[in-house]
Amino acid sequence: MSKKLTIGMFGFGVVGQGLYDIIKTKKLNLEIKKFVIKNAGKTRSLPAELFSTDANDILNDPEINTVVELIDDADAAFEITKKALSSGKNVVSANKKMIATHLQELTALQQQHGTSLLYEGAVCGSIPIIRNLEEYYDNELLHSVSGIFNGSSNYILSKIFNENQSYDAALKKAQELGFAETDPILDVGGYDPKFKLTIVASHAYGLFVNPDQILNLGIDKLENADIRYAKEKNLKIKLIPLAKEVNNSEVVLYVLPKFISKDSILFNVENENNGVLVKAAFADEQFFFGKGAGGHPTGSAVLSDITALRYDYRYEYKKHLDAQELRYTTNVDIKVYFRYTDENILENIEFKNISERFYGEDYKYVIGHVNLQEIIDKRELINQPGYFLAEIA
């Protein structure tokens, strides 16, 4: 028998409303007792007595046994989650930055207090990748996990390559549709997929890595020259996070734009959709595809976590038991395309080799191998206007 959940929900935005829309169509053994929101004056579709601006109305209510956290502020979300777990309440969250930044501490809190934190909705919207890594791949050796984790940047790139829109026009349209924020750097700069990659790597490889240590370069410096190069080679550019075991003891993590050929299953993942590609030693290659954003897709993932709590489901973090066998490394060579303006920059970036050079009237590029740590060390130099770096398969 499932147990009754009495829920306190923080936030009632796009995902919160989407979640509520789904819940009211179901006959589930749960009740939402209170919503805590930031803007008390905003008109709501539910009775006013359900809403409060005081977090303690949820956190200090002994009848509420489950907290659903759906706010944007990562610092506030962490304080809410920490207090809830410590006071015996289970938590469902969709805040990828909060979870990625504090996952080790949050895991310890769960073990200490016998509570459960679930966060399927924080990674790739409706795609159940965390549960699959926890359950299906729990005893599997994973060669790599990669894909398209950010719907905003993928929408922009789809419009550029499929409809010949400019980067600026595609970004503006993404903002109009609500796929990208007014300040879109979290998405197009690769930060959002980096937070998701951090969480995925923890469940895939048993690693706790501070996201600040992981390289992320985005598509915000993309220019017509790079698009023209890709089209001439019958390639597309996608923003790809990668977790990959490079030997029996090390795992590499990074987020980079990447030139993708038609042979890749990611080539046809378009618009706001996400795709996760898992390569395993025994299960071989598997692909997960679905909506990566939106109130109802993400809400469905959140609801899946809520309903799992009715049966006392917890992440077991099985891969962490063997975590001493693996460590995070940045000592790996990557083949890259690097477009630049100032010839002197090549004297400041140590390429292992350069296999191709191009000098045009309006731009120049080189193709060659460079160490990941070198890119990290020279990130500020590389990631400035006039320069663009992307991985080549």
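If you check an unreviewed UniProt entry, the protein chain appears there as Homoserine dehydrogenase from Sphingobacterium tabacisoli. Listed in UniProt under the heading Catalytic activity (unreviewed entry), the comment for the protein chain reads: "L-homoserine + NADP(+) = L-aspartate 4-semialdehyde + NADPH + H(+)".

Undergrad: Mind showing me how you'd approach the nonpolar core here?
TA: Side chains of a nonpolar character, in soluble globular proteins, are inclined to be buried together. Membership of the largest hydrophobic core comes to 105 residues, with the highest contact counts inside it found for Tyr119 and Ile306. In this view, Tyr119 contacts Ser93, Ile99, Leu103, Ile130, Ile199, His203, Asp305, Tyr315 and Tyr317; residues no more than four positions away in its chain are not counted. Counting residues in each nonpolar core, the second largest holds 22 residues, with Leu215, Ile345, Phe351 and Val370 among its members.

Undergrad: Looking at this model, I keep getting lost on the environment of Asp220. Mind explaining?
TA: On the secondary structure map, Asp220 appears in the loop between strand S8 (215–216) and helix H10 (224–232). Separated by 21 residues in the primary sequence, Asp220 and Ile199 place their C-alpha atoms 24 Å from one another. Setting aside chain neighbours within four positions, we find Asp220 in contact with Tyr167, Ile185, Val188, Gly189 and Asn383.

Undergrad: What is the right way to read the packing of helix H3 (residues 74–86) against helix H4 (residues 96–113) from this model?
TA: For any two helices packed against each other, the geometry comes down to the angle between their axes and how far apart the axes lie. Running from amino to carboxyl end, H3 crosses H4 at an angle of 10°, the nearest separation of the two axes being 10 Å. Taken as axis vectors, H3 and H4 run roughly parallel relative to one another. Residues Ala74, Ala77, Phe78, Thr81, Lys82, Leu85 and Ser86 of H3 form the contact with H4, whose own contacting residues are Lys97, Met98, His102, Glu105, Leu106, Leu109, Gln110 and His113. Here the contact of H3 with H4 is composed, by residue class, of seven nonpolar, five polar and three charged.

Undergrad: Looking at this structure, I do not really get the environment of Lys318. What am I missing?
TA: Relative to the helices and strands, Lys318 is located in the loop between helix H11 (295–309) and strand S13 (327–329). Placed 72 residues apart in sequence, Lys318 and Val246 show a C-alpha to C-alpha distance of 21 Å. Of note is the side chain of Lys318, whose polar atom sits 2.8 Å from the side chain of Asp138.

Undergrad: Looking at this structure, how should I read the pattern of salt bridges?
TA: Side chains that differ in sign of charge can pair as their charged atoms come close. Tallied over the full model, the rule gives 23 salt bridges. One salt bridge in this structure joins Lys364 and Glu343, with 3.7 Å as the shortest N-O distance. With a gap of 21 residues between them, Lys364 in strand S16 (residues 364–371) and Glu343 in the loop between strand S14 (333–340) and strand S15 (351–359) connect regions that are remote in the sequence. Owing to a relative accessible area of 29%, Glu343 belongs among the partly exposed residues under this scheme. Ionic contacts of the salt-bridge type, sharing partners, join the residues Lys33, Asp61 and Glu63 into one network.

The rules behind these values
Residues numbered from 1 in each chain as written. Predicted model: local features only at pLDDT ≥ 70, side-chain atom pairs only at ≥ 80, totals over all residues. Heavy atoms only, no water. UniProt positions renumbered as here; feature names shortened; annotations may be inferred. Core = buried A, V, L, I, M, F, W, Y, C linked by side-chain atoms within 4.5 Å. Buried < 20%, exposed > 50% of the residue type's maximum accessible area, 1.4 Å probe, protein only. Contact = heavy atoms within 4.5 Å. Helix = DSSP H or I, 4+ residues; strand = E, 2+ residues; numbered from the N terminus. Axes fitted to C-alpha atoms, helices over the stretch in contact; angles between N-to-C directions. Parallel < 35°, antiparallel > 145°, perpendicular 65-115°, else oblique. Nonpolar A, V, L, I, M, F, W, Y, C, P; charged D, E, K, R; others polar. Polar contact = N/O pair within 3.5 Å; in protein donor to acceptor, adjacent residues only side chain to side chain. Salt bridge = Lys/Arg side-chain N within 4 Å of Asp/Glu carboxyl O.

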